[in-house]
Amino acid sequence: MASIWQYANPAKFMATTARFMGPLWVLSIATLATGLIWGFFFTPDDFKQGSTVKIIYLHVPSAMMAINAWIMMLVASLIWLIRRHHVSALAAKAAAPIGVTFTLIAMATGAVWGKPMWGTYWAWDPRLTSFMILLIFYFGYIALWEALEDKDLAADLTSILCMVGSVFALLSRYAVQFWSQGLHQGTSIPLVTGERQVDDVFFIPLLFAMGGFILLFITLLLLRTRTAIRLRRIQALKAKET
Amino acid sequence: MWAIIQRDISLAFAQGGGLLLTVAFFLILVVFVPFGIGPAPTLLSKIAPGMLWIGALLATLLSLDRIFQLDFEDGTLDALATAPIPLTGLVTAKALAHWITTGLPLTLAALPLGFLLFLPNGQYMWLFLSLLIGTPALSFIGTFGAALTLSIKRGGLLLSLLVLPLFVPTLLFGVQAIIHPDHTIMLALLAVISLLSAAVLPFVTALALRAGLR
Amino acid sequence: MYGLDKYAPDVLLAYALGMALLAAIILGSVIQSKRAKKRLEDLE
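A short tour of the structure in this document, coming up. (Residues numbered from 1 in each chain as written. Chains lettered and ligands numbered in written order. Predicted model: local features only at pLDDT ≥ 70, side-chain atom pairs only at ≥ 80, totals over all residues.)

**What about the interface of chain A and chain B?**
Selection rule: The contact rule is simple: place each C-beta atom from the backbone, and if two of them lie within 7 Å, those residues are in contact. Every helix listed is a DSSP run of H or I at least four residues long, and every strand listed is a run of E at least two residues long, numbered separately from the N terminus. Side-chain classes follow a simple rule in which Ala, Val, Leu, Ile, Met, Phe, Trp, Tyr, Cys and Pro form the nonpolar group, Asp, Glu, Lys and Arg form the charged group, and the remainder, Gly included, forms the polar group.
Residue-level contacts link 22 residues of chain A with 21 residues of chain B. Put simply, the parts of the chain that give the side of chain A that touches chain B at least two residues each are α4 (126-147) and α5 (151-179) of chain A. When residues of the side of chain A that touches chain B are assigned to their parent elements, the largest contribution, 13 residues, is made by α5(A). Class assignment of the residues belonging to the side of chain A that touches chain B gives a composition of 19 nonpolar, two polar and one charged.

Dropping the structure here:
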């Protein structure tokens, strides 16, 4: 009986998430604050970069979540197209503005970091370019949601756009590598590289900051999905009145 | 399918020269480049491949809302959707007709326009080949965008916002095919984009059309 | 001042920008949520 799909029922979703929202807020703000405060005040300066290295605690987690938010939208879109759960479509819609914000944070902090390190706020480096393209995809996705009156049709079409957009964003990601050489260093997360390049003093607060961004994303996502469900209810009630 | 392609082509010729309009727009865009950056031949010849590709891209964009809009408004599209041919076939025919009436003329027009921007002599063949191979991708992607914005009134601006980011890989490989020393590899990658678009996008476009017509 | 002068100006700027954007999305989401909740309660 306990199937994950029972949460696809909006009423069930609202009741279940209502119980989690409070603790989730506390947990995500606490984790995020721990990571950022620890990183900002209690880590040593880098011998080469000075205190500038501390931008990492905002830059890396937000960049990671900017991409993950899109992947989550893709999964939610596929669930909507295949199983037609309304909560799923609304969750995809709710994720987009959060993704935009994280993309902007990654780009803004990256620009500030790029000035002392590379001597420029902006360069047409493959990763910077990919993030710019990602940002445009987010804008297109949001604009399509807003433009369509019929919300089921909007859910269908935005899901299809998200699917096609993912493929083309990936193609662009590889296309820009033929076109420009990168400035970024490779990833330094041991999970990905298999070995540790960053010292523990930097790495543990970074893990907290990443956890904080993940938790904050989930919290905001649930909150925005709940808002979207309520707005849908308001629409339905208004339609009944007239 | 051939009937639909023929019908769309003759419509494009009949409708007050939609085809001519696209090429004229391309011409204006190219002529405006020296106005914007100055007439120095060295600079112009350097940016010519990119400018010609961007011009072709924007001219394509201009013609996209014609693909389904008229048929949608007068109900022909509903009739075609219930016709015995699959919707995917209809979409493919529409995209091919669009390519014949925009992509192909733009490819041919790019050669004399390259002259205006002092395109280096050795690049004419690559310009021709890259546009010939790349513009079908633009038509298939554009048809997809047109299907998405079908039910939106005055969706032209939105259509551009949705379609342009999808054009990025085509543009990158298209220009690289002209300027990169290893032309053939870039042409092959460009061909991959076009084939992928032609093979997969009609199914997705049909999905979007069916949702829009429901 | 407040011990912040040992930080490079770029760190401070990056944190200010990051915090401002985080605050914007959090506050925006919360305000939208409160508004929707109130409107729904009024209707019901």
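**Here we look at the arrangement of the chains**
Across the two pairs of chains in contact, the largest number of contacts is found between chains A and C. Spatially, chain B and chain C are disjoint, and the shortest separation between their C-alpha atoms is 23 Å.

**Remarks on the packing of helix α6 (residues 87-116) of chain B against helix α10 (residues 183-213) of chain B**
Residue and element names in this part refer to chain B. We count it as follows: To get an axis, fit a line to the C-alpha atoms, keeping to the stretch in contact for a helix; angles then go from 0 to 180 degrees between the N-to-C directions. Between 65 and 115 degrees an angle is taken as roughly perpendicular, under 35 as roughly parallel, over 145 as roughly antiparallel, and anywhere else as oblique. In a left-handed crossing the near helix is turned counterclockwise from the far helix by less than a right angle, and in a right-handed crossing that turn is clockwise.
One can describe the packing of α6 onto α10 by two numbers: an axis separation of 8 Å at closest approach and a directional angle of 110°. As summarised for this structure, α6 and α10 are arranged roughly perpendicular, according to the angle between their axes. In this structure, α6 meets α10 at a crossing whose hand is right-handed. For the pair formed by α6 and α10, the contact residues are Leu 87, Thr 88, Val 91, Thr 92 and Ala 95 on the first element and Pro 202, Phe 203, Thr 205, Ala 206, Leu 209 and Arg 210 on the second. Class assignment of the residues belonging to the contact of α6 with α10 gives a composition of seven nonpolar, three polar and one charged.

**A word on helix α9 (residues 168-179) of chain B**
Threshold: By definition here, a helix of n residues has an expected span of 1.5 Å times n minus one. To sort residues by exposure, count the other C-beta atoms lying within 10 Å of each residue's C-beta; 20 or more gives buried, 12 or fewer gives exposed, and values between give partly exposed, all with C-beta atoms placed from the backbone.
Taking 1.5 Å per residue as the helical rise, α9(B) with its twelve residues ought to reach 16 Å, and the 17 Å between its terminal C-alpha atoms agrees with that figure. Among the twelve residues in α9(B), eleven count as buried, and that is most of the element. Among all positions of α9(B), only B:Val168, B:Pro169, B:Thr170, B:Leu171, B:Leu172, B:Phe173, B:Gly174, B:Val175, B:Gln176, B:Ala177 and B:Ile178 are buried. Turning to α9(B), the residues buried within the fold contact α4 and α5 of chain A together with α3 (41-62), α7 (124-148), α8 (156-166) and α10 of chain B.

**Looking at the interface of chain A and chain C**
If you look at the interface, chain A gives 28 residues, while chain C gives 23 residues. Counting residues per element, the ones that place at least two in the side of chain A that touches chain C are α3 (86-118) and α7 (200-241) of chain A. Ranked by residue count, the leading element in the side of chain A that touches chain C is α3(A), at eleven residues. A breakdown of the residues in the side of chain A that touches chain C according to their chemical character gives 16 nonpolar, six polar and six charged.

**So, unusual backbone geometry**
Within the chain, A:Arg84 stands out as a residue other than glycine whose phi angle is a positive 55°. Its location among the elements puts A:Arg84 in the loop between α2 (56-83) and α3. Although it is not a glycine, B:Phe118 sits at a positive phi angle of roughly 55°. Of note, B:Phe118 is situated in the loop between α6 and α7.

**Things to note about the nonpolar core**
The cut-off we apply is this: To form a nonpolar core, buried Ala, Val, Leu, Ile, Met, Phe, Trp, Tyr and Cys residues must be joined through C-beta atoms within 7 Å.
By size, the foremost hydrophobic cluster in this structure holds 141 residues, and its most contacted members are A:Ala69, A:Ala95, A:Leu161, B:Leu52, B:Ala56 and B:Ile141. Counting residues per element, this core draws most heavily on α3(A), at 18 residues. Filtering out sequence-adjacent residues up to four positions away, A:Leu161 remains in contact with A:Tyr141, A:Leu144, B:Leu148 and B:Leu162.

**Description of helix α2 (residues 18-37) of chain B**
Residue and element names in this part refer to chain B. Definition in use: Comment: arc refers to directions from the helix axis out to C-beta atoms.
With 20 residues, α2 extends 29 Å between its outermost C-alpha atoms, agreeing within 8% with the 28 Å of an ideal straight helix rising 1.5 Å per residue. Inspection of α2 places Thr 22, Phe 26, Val 30 and Val 33 among the buried residues, and these make up the whole buried set. For α2, the angular spread of buried residues about the axis comes to 75°, placing them on one side. With respect to the buried face of α2, the exposed residues turned more than 90 degrees away are Leu 20, Ile 28, Phe 32 and Phe 35. Lining the buried residues of α2 we find α3 and α6.

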